Amino acid sequence: MSATAVKLALSGVRKEFPVRGEAEPLTALSDISVDVRDGEFLVLVGPSGSGKSTLLDLLGGLDKPTAGQILLDGAPVTGPGLDRGIVFQQYALLPWRTARANIEFGLEAKGIPRRARRDLAEQYLELVGLAGFGNRYPHELSGGMKQRVAIARSLAFDPEVLLMDEPFAALDAQTRESLQDELLRIWRATGKTVLFITHGIDEAVYLGQRVAVLTSRPGRIKAVVDIDLDRAADPDVRSSERFRELRHHVWSLLHDEVARAQDLEQAALTADRRSSHV
């Protein structure tokens, strides 16, 4: 497959949820259409309540769109599958399994023999910088190390696409920046297609080849920004003039949406107070 082929295609994706006591459903996403190229690192950024996590649930096959379609390599996404690896904000590691055994979990589902599973787990522990930590349990690992294990687990069964839902949001700033660098290194080493969801503008600009900006609810694609940073040539690219320009551009696109999201939240709170006094 060529580097410019479409790996993941979203066309007219809409998601509605019924609201108890209301005749009209809540529309979380409306007419989401975007293509993710094979081997691309695409970041989705949007204000709180813009449907980012809802969209990831649809991409992961954990829920189905009300309208529109999602295609992976031209085939409809109809449910969960090992062709998609998901990394959540909360590490979702099995506490009774070691780091190595957590990584082997998906490999067991694929029926890979025990020795091969162990070899692959060791390979991916090394890839994420955790060689020698395979026998540690999650409670013996830092937050950043747990997220490295989660990334290794998702990569080990060789998914077509890696879906990441604000995976670094719970980490301190220094650990977050370190893992962003690690993720870019892993992405270059594996050539995986990555769709990364965040509400952080700096993180979006630093990581993405393109940044898709979502509107406030109902979430739509407001704009897709090409990111032309030369990260390899500039080790401190976050301090560069071009980084600041791109960050400001994405911030400008998001600014009105954040304000609108806050207005919607305030209106909902006001409506709740009024209904509670009726």
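Anyway, here's the lowdown on the structure attached to this text. A quick note: this is a predicted structure, and the numbers were derived from the prediction, not measured.

Taken as a whole, this structure holds three aromatic pairs when the rule is applied. Aromatic side chains Phe41 and Trp187 sit 5.6 Å apart centroid to centroid with 85° between the ring planes, which places their arrangement in the edge-to-face category. On the criterion of sequence distance, the pair formed by Phe41 in strand 3 (residues 41–45) and Trp187 in helix 5 (residues 173–190) is long-range, its members being 146 residues apart. With 6.1 Å between their ring centres and 35° between their planes, Phe41 and Phe196 make a pair best called tilted. Placement of Phe41 in strand 3 and of Phe196 in strand 8 (residues 193–198) is noted, with a sequence separation of 155 residues between them. Phe196 carries the same exposure label as Phe41, and that label is buried. Through pairs of rings, three or more aromatic residues link up here, namely Phe41, Phe168, Trp187 and Phe196. The ring of Phe17 is capped by Lys15, whose NZ or CZ atom sits 5.2 Å from the centre of that ring. The ring of Tyr206 carries the charged tip of Arg238 above its face, separated from the ring centre by 3.6 Å.

This part takes up the pattern of salt bridges. For the coordinates displayed, the defined rule picks out 19 salt bridges. Where salt bridges share partners, they join Lys7, Asp38, Asp73 and Glu160 into one cluster.

Let us now look at the packing of helix 2 (residues 99–109) against helix 3 (residues 114–127). One can describe the packing of helix 2 onto helix 3 by two numbers: an axis separation of 9 Å at closest approach and a directional angle of 120°. Viewed along their axes, helix 2 and helix 3 adopt a mutual orientation that is oblique. Where helix 2 crosses over helix 3, the handedness of that crossing is right-handed. Contacts between helix 2 and helix 3 involve Ala99, Arg100, Ile103, Glu104, Leu107 and Glu108 from the former and Arg117, Arg118, Leu120, Ala121, Glu122 and Leu125 from the latter. Looking at the contact of helix 2 with helix 3, its residues break down into six nonpolar, no polar and six charged.

What follows concerns the packing of helix 2 against helix 4 (residues 143–156). At a minimum axis separation of 8 Å, helix 2 and helix 4 run at an interaxial angle of 30°. For the element pair helix 2 / helix 4, the angle class is roughly parallel. As helix 2 runs across helix 4, the sense of the crossing is right-handed. In this structure, helix 2 contributes Ala99, Asn102, Ile103 and Leu107 to the contact, and helix 4 contributes Val149, Ala152, Arg153 and Ala156. A breakdown of the residues in the contact of helix 2 with helix 4 according to their chemical character gives six nonpolar, one polar and one charged.

Parameters and conventions
- Residues numbered from 1 in each chain as written.
- Predicted model: local features only at pLDDT ≥ 70, side-chain atom pairs only at ≥ 80, totals over all residues.
- Heavy atoms only, no water.
- Phe/Tyr/Trp six-rings, centres within 6.5 Å; stacked < 30°, edge-to-face > 60°.
- Helix = DSSP H or I, 4+ residues; strand = E, 2+ residues; numbered from the N terminus.
- Buried < 20%, exposed > 50% of the residue type's maximum accessible area, 1.4 Å probe, protein only.
- Lys NZ or Arg CZ within 6 Å of the ring centre and 35° of its normal.
- Salt bridge = Lys/Arg side-chain N within 4 Å of Asp/Glu carboxyl O.
- Axes fitted to C-alpha atoms, helices over the stretch in contact; angles between N-to-C directions.
- Parallel < 35°, antiparallel > 145°, perpendicular 65-115°, else oblique.
- Left-handed = near helix turned anticlockwise from the far one by under 90°.
- Contact = heavy atoms within 4.5 Å.
- Nonpolar A, V, L, I, M, F, W, Y, C, P; charged D, E, K, R; others polar.

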